[in-house]
Amino acid sequence: MPLISLKDVSKLYGFGDATTVALDEVSLDVEAGEFVAVMGPSGSGKTTLMNMIGLLDRPTHGDYILSKKSVAKLRPNQRAKLRRDRIGFVFQSFNLLPKLNVLDNVALPLMYKGIMPVRRLKRAAAVLERVGLADRQYFMPRALSGGQIQRAAIARALVNDPQIIIADEPTGNLDSTSSLVVMELLSELHRTGNTILMVTHNPELTRYADRVVYMHDGSIVHDQHTPLGEVSPLANKARQLFPRRTEEDDLAGVSAIMETFPQKTETAKKRRKSAAKPKRKTTRKAVTRAKR
Ligand SMILES: Nc1ncnc2c1ncn2[C@@H]1O[C@H](COP(=O)(O)OP(=O)(O)O)[C@@H](O)[C@H]1O
Ligand SMILES: [Mg+2]
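Positions within a chain are numbered from 1, following the residues in the order the chain's sequence is written. Key to labels: chains lettered from A, ligands numbered from 1, both in the order written. Reporting of local features is limited, given that this is a predicted model, to residues whose pLDDT is at least 70; pairs of side-chain atoms are given and counted only at 80 or more, and all residues count toward the totals for whole chains, interfaces and linings. Excluding hydrogens and water, the side-chain values take into account all heavy atoms of the structure.

A few words on the sheet that holds strand E9 (residues 211-216). Across the sheet, which stays open at both edges, the 6 strands sit in the order E6-E7-E8-E3-E9-E10 with mixed pairing between neighbours. One side of each edge strand has no neighbouring strand; the edge strands of this open sheet are strand E6 (87-90) and strand E10 (219-225). For this sheet, the mean angle separating the axes of adjacent strands, direction not counted, is 15 degrees. Packed on one face of the sheet, helix H2 (residues 76-86) meets E6 and strand E7 (164-168) and runs near 75 degrees to E6. Any two residues whose heavy atoms approach within 4.5 Å at even a single point are treated as in contact. Here an axis means a line fitted to C-alpha atoms, over the contact stretch when the element is a helix, while the angle between two N-to-C directions is reported on a 0 to 180 degree scale. Strands are runs of DSSP state E lasting at least 2 residues, helices are runs of H or I lasting at least 4, and numbering of each runs from the N terminus. Along the sheet, helix H8 (residues 247-259) makes contact with strand E3 (35-39), E9 and E10, crossing E9 at roughly 75 degrees. Here, any two strands with at least 2 DSSP bridges between them count as paired.

Have a look at this one:
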């Protein structure tokens, strides 16, 4: 039984002519302990998928089974509780609260769980040590470098020992040294049994994952297991098309490869044609569903 199981999950935004199909009947099983990288062009639904798995969002259609339990229709407060207990988020631009020092920032999630102050700070200090920021705990966020902020953010994501870690382009804003630190942290979490889902445009980073899921136009078009330490073959192909110079090259490579996959349906093809426009035209299927 997989830890995470999405069953024909769709997510529509807006309605009528302005409906966007952000996820189009996506099914995905993730076993406990997997490190899954997610790649795909801009707008292909990666963030929506992460938000769905991370219980920040709920499917318009379909079901989400987390640890054998359907969570697709939970009420917002039940979802928030589950999220707090099970999931840690690492975003591209992570905001620490500017008026709290690093230690208090990291301890914050524990407050919502009703843990006593002394224990909160002890636990936060331990996690900061783990991310190599023990000597920065009393600093204010503005005194930290970008890489240190990201590490503090990871510490905050880990402080309540989440089983699932969701990282949406965690190294997007970082120089290569800080990226490496962040990746080594994620890698260590993986080794200690956490389940990790990470969006990235950088083919090189698929080395840390044991599986890569490729998205295009709201669908998973390719799903590939690869040994740890190896770049996923398809990501490698993308890299060869656009040898890495910038983030844009990475994106262009992935986009070019994804274009070569057959589309699921005729309507998907139509959507792809209009994808250049800011808002995609609705598919007939989507309209009918939105009305239900
Ligand atoms: N809150 C929203 N309201 C309307 N459309 C949205 C919203 N969030 C995402 N979308 C649309 O859903 C599609 C997928 O977006 P997203 O999941 O952010 O893609 P990615 O992370 O791959 O760039 C895009 O077409 C985007 O414009
Ligand atoms: Mg995104």
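Now that the structure has been shown, the text picks up again.
Right, let's get into the packing of aromatic side chains. Note on aromatic contacts: the rings of Phe and Tyr and the six-membered ring of Trp form a pair at centre separations within 6.5 Å, being stacked when their planes are under 30 degrees apart, edge-to-face when over 60 apart, and tilted otherwise. For the structure on display, the rule yields 0 aromatic pairs. Both a distance and an angle decide whether a charge sits over a ring: NZ of Lys or CZ of Arg must be within 6 Å of the ring centre and within 35 degrees of the ring normal. Positioned above the aromatic ring of Phe 139, the side-chain terminus of Arg 136 is 4.8 Å from the ring centre.

Type-normalised accessible area, obtained with a 1.4 Å probe on protein chains alone, sets the label of each residue: buried when under 20%, exposed when over 50%, and partly exposed for intermediate values. Of all the 10 residues making up strand E1 (residues 4-13), 7 are buried; the element is thus mostly covered by neighbouring parts of the structure. One ladder, built from 7 bridges, connects E1 with strand E2 (residues 20-30); its direction is antiparallel. Across the sheet, the residue bridging to Val 9 is Val 26, located in E2. The turn joining E1 and E2, which pair antiparallel and follow one another in sequence, is formed by 6 residues; a positive phi near 70 degrees is taken by Gly 14. Of the pairings in the sheet, the one linking E1 to strand E4 (residues 61-66) comprises 5 bridges and is antiparallel in character.

A residue-level look at the protein finds 89% of positions with pLDDT of 70 or above and a mean pLDDT of 87. Per-residue confidence from the prediction method is given by pLDDT, with values spanning 0 to 100. Ignoring residues within four places in sequence, the model shows residues 272-292, a span with pLDDT below 50, making 38 contacts including any to other chains.

What follows is about unusual backbone geometry. If you check the backbone angles, Leu 55 has positive phi at about 60 degrees while not being a glycine. Secondary-structure assignment places Leu 55 in the loop between helix H1 (46-53) and E4. Of the residues examined, Leu 55 reaches a relative accessible area of 1% and is grouped as buried. With a phi close to 70 degrees, Lys 68 is a non-glycine residue in the positive phi region. Among the structural elements, Lys 68 can be located in the loop between E4 and strand E5 (69-70).

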